[in-house]
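Descriptive structure summary
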Amino acid sequence: MKAELRSNSISHSSLFPTPQTSISGALTGCLGNLDGACIEKLLLHCAAALESNDVTLAQQVMWVLNNVASSTGDPNQRLASYFLRALISKASRVCPTPVTFNAGAGASPRLPMSVTELAGYVDLLPWHRFGFSASNSAILKAIHGLPRVHILDLSITHCMQWPTLIDALGSNPPTVRISVLSWRPNVSPWLNVSVVEIGQRLANFAKYRDVPFEFNVIETSVAQESQLDRDQYLLLLSELHPCMLKLRDDETLVVNCQNWLRYLPDEDVSIRDSFIDTIRTLNPRIVTIVDEDCDLDERSGLASRITTCFNYMWIPFDALETFLPKTSPQRLDYEADFGHKIENIIGFKGVQRIERLESGVKLLQRMESKGFVSVPFCEESVKEVKVLLDEHASGWGMKRDEDMLILTWKGHSSVYATAWVPRQSPIEDWENVHVSSSFCLGDAYVR
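Here's what I pulled together on the structure shown here.

Glancing now at the overall build of the protein chain. For the protein chain, the count of helices and strands is 17 helices and 9 strands. Counting every position in the protein chain, which comprises 447 residues, the buried fraction comes to 58%. Counted over contacts in the protein chain with a minimum sequence separation of 6, partners at least 24 positions apart contribute 80%.

Within the element layout of this structure, Leu202 appears in helix H9 (residues 195–208). A relative accessible area of 1% means that Leu202 is categorised as buried. Taking the C-alpha atoms as reference points, Leu202 and Trp162, 40 residues apart in sequence, are found 7.9 Å from one another.

In this section: the environment of Arg248. Note that Arg248 resides in the loop between helix H11 (242–245) and strand S4 (252–258). For Arg248, a relative accessible area of 32% translates into the label partly exposed. Taking the C-alpha atoms as reference, Arg248 lies 8.8 Å from His150; in sequence the two are 98 residues apart. Each residue touching Arg248, except ones within four places of it in the same chain, is listed here: Arg148, Arg177 and Glu214. Here the side chain of Arg248 touches Glu214 through a polar contact of 3.0 Å, side chain to side chain.

Time to look at the environment of Arg272. Mapping Arg272 onto the fold places it in helix H12 (residues 271–281). With 39 residues separating them in the primary sequence, Arg272 and Tyr233 have C-alpha atoms 9.7 Å apart. Not counting the four nearest positions on each side in its chain, Arg272 is found in contact with Leu261, Arg262, Leu264, Pro265, Asp266, Arg356, Glu358 and Arg366. In terms of polar contacts, Arg272 uses its side chain to reach the backbone carbonyl oxygen of Leu261, at 3.4 Å. At a separation of 2.8 Å, a polar atom in the side chain of Arg272 contacts the main-chain carbonyl oxygen of Leu264.

Moving on to helix H3 (residues 36–51). Between its first and last C-alpha atoms H3 spans 22 Å; for 16 residues at 1.5 Å apiece the expected length is 22 Å, and the two agree. Along H3, the residues classified as buried are Gly36, Cys38, Ile39, Glu40, Leu42, Leu43, Cys46, Ala47, Ala49 and Leu50. A positive backbone phi angle near 60° is found at Asn53, which sits one or two residues after H3.

Right, let's talk about the pairing of S4 for a bit. Remark: a regular strand shows side chains that alternate across the two faces of the sheet. Counting buried positions over the 7 residues of S4 gives 7, a clear majority of the element. Because side chains alternate across S4, one face comprises the buried residues Thr252, Val254, Asn256 and Gln258, and the other comprises Leu253, Val255 and Cys257, equally buried. Sheet topology places strand S1 (residues 148–155) next to S4; 7 bridges connect them, and they run parallel. Residue pairing for S4: Leu154 is matched across the bridge by Cys257. When S4 meets strand S5 (residues 286–292), the two strands line up parallel, connected through 5 bridges. Looking at S5, one finds that Cys257 is bridged to Ile289.

This paragraph deals with the packing of aromatic side chains. Under the counting rule described, the total for this entry stands at 11 aromatic pairs. Ring centres 6.2 Å apart and planes at 85° place the aromatic pair Trp183 and Tyr233 in the edge-to-face group. You can see Trp183 sitting in the loop between strand S2 (175–181) and H9 and its partner Tyr233 sitting in helix H10 (residues 230–238), a full 50 residues away along the chain. Given a relative accessible area of 5%, Trp183 falls into the buried group. Through a chain of ring-to-ring contacts, three or more aromatic side chains come together here, namely Tyr121, Trp127, Tyr312, Tyr334, Phe338, Trp396 and Trp409.

Looking at helix H15 (residues 360–369), one finds that the buried residues are Gly360, Leu363, Leu364, Arg366 and Met367. Buried-residue contacts for H15 involve H12, S5, strand S6 (372–374), strand S8 (404–409) and strand S9 (412–422). One or two steps after H15, the chain reaches Gly371, where phi turns positive at roughly 90°.

Once that is clear, we can look at the pairing of S1. Judged by how many residues are buried, S1 sits mostly within the fold: 7 of 8 residues are covered. With 6 bridges connecting them, S1 and S2 associate as parallel partners. Directly across from Ile151, in S2, lies its bridge partner Ile178. Crossover S1 to S2 through helix H8 (residues 162–167) is right-handed.

Applying the stated criterion across every chain yields a total of 0 disulfides. Between Cys294, a free cysteine, and Cys309, which holds the nearest cysteine sulfur, the sulfur-to-sulfur gap is 6.8 Å. You can call Cys294 buried: its relative accessible area is 5%. Judged by relative accessible area, which is 0%, Cys309 ranks as buried.

Here we come to the packing of H3 against helix H5 (residues 75–91). At a minimum axis distance of 11 Å, the contact between H3 and H5 shows a crossing angle of 0°. Overall, the two elements H3 and H5 adopt an arrangement that is roughly parallel. Here H3 contributes Gly36, Ile39, Leu43, Cys46 and Leu50 to the contact with H5, which in turn contributes Asn76, Gln77, Ala80, Phe83, Leu87 and Ala91. A breakdown of the residues in the contact of H3 with H5 according to their chemical character gives 8 nonpolar, 3 polar and no charged.

This brings us to the side chain of Glu251. Counting through the fold element by element, Glu251 comes out in the loop between H11 and S4. At a separation of 2.8 Å, a polar atom in the side chain of Glu251 contacts the side chain of His150. There is a polar contact of 3.1 Å between the side chain of Glu251 and the backbone nitrogen of Arg248. Filtering out sequence-adjacent residues up to four positions away, Glu251 remains in contact with Arg148, His150, Arg177 and Lys246.

Rules of the game
- Residues numbered from 1 in each chain as written.
- Predicted model: local features only at pLDDT ≥ 70, side-chain atom pairs only at ≥ 80, totals over all residues.
- Heavy atoms only, no water.
- Helix = DSSP H or I, 4+ residues; strand = E, 2+ residues; numbered from the N terminus.
- Buried < 20%, exposed > 50% of the residue type's maximum accessible area, 1.4 Å probe, protein only.
- Contact = heavy atoms within 4.5 Å.
- Polar contact = N/O pair within 3.5 Å; in protein donor to acceptor, adjacent residues only side chain to side chain.
- Expected span 1.5 Å × (residues − 1).
- Pairing = 2+ DSSP bridges.
- Phe/Tyr/Trp six-rings, centres within 6.5 Å; stacked < 30°, edge-to-face > 60°.
- Right-handed = clockwise from strand over helix to strand, strands pointing away.
- Disulfide = S-S within 2.5 Å.
- Axes fitted to C-alpha atoms, helices over the stretch in contact; angles between N-to-C directions.
- Parallel < 35°, antiparallel > 145°, perpendicular 65-115°, else oblique.
- Nonpolar A, V, L, I, M, F, W, Y, C, P; charged D, E, K, R; others polar.

Right under this line is the structure:
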């Protein structure tokens, strides 16, 4: 067993020397004990050693973790392998010895996907489709009976949300215009077709469904390859104004944020608050926000980030265990995406930190303080999400918390969905609208 684990884990001779007798019995006792509590304890010991610059102790704990972690083991072992990778990344800035990795799963950056692969990626877990379903239901309810709708789409899944909405617009659809930014967070999933081609595929599908449709790419001053600093983010936000969006007097604006808000910094000068202020000035009819339900901001210490991140990231690793083989390439790629998130959250700060998760409860407080009122999801929306979850493993569920819908795995919160209107904006009695969750996202892109 130990030899097998070692062969599948990260190794570096100077970081993993033979453990000395000074390492505690509690730590060495974890060899062969692969439960999550023990692995979390080891990670916290390593974090404490790194924060106190005790390189020797950190190396010893890493040696133990190296014998426990495996990228092809059970969910806890697989998760441990990515946390070990993250700690090595952090240790490399404390220990002068360069750190290398075996060519194991997750070590290489993900290659861009085809449209078909992206559809499979989105369908693998309800992680994304849950937000699509809840948001589309709220949007359809808000735009019911309106002649022209403009959707500002801020997301990372390349417009995969919109075929379902287009399909649900019915026999007398409005004119739909979707605008996207030329810049997106430099995170997976990456696509091997351009945003212009995505728009053309959506236009073809909308034509097939007899929906008047336009697609607009907002060319920003920020290069896609840029790792944005505070000033660049502010420049990006400054371009979200009616002129750049080409807003028209006769159309209704919808703002859709799918797993996007967490990429906006929230330190001393909160870009996140500035973004919400910017959106408020556009006076949208509705704003939908979906994101991962976890608190992992820049201000929390290393130990706190490890505990929170370990218990949260366990969810996708455990869910994938229920239906994919241990060596499934699709599973390894999906886990590697979460592994890159773990490394960035644990190992980096400042401009190198890509995402800063915020729980739904904190988002509620932020949005309310910025002049927004939450809109509850109707019973029809809840039914549609439940139909979607029935397509996946039995561990997936949903709960309500105030006006939020929250995706759960074995009772643990994973993703929240919310809908908002500006305060003192007329809130009409929107009628329930049926949104079919069984529509195949990939069908729209291959037409």
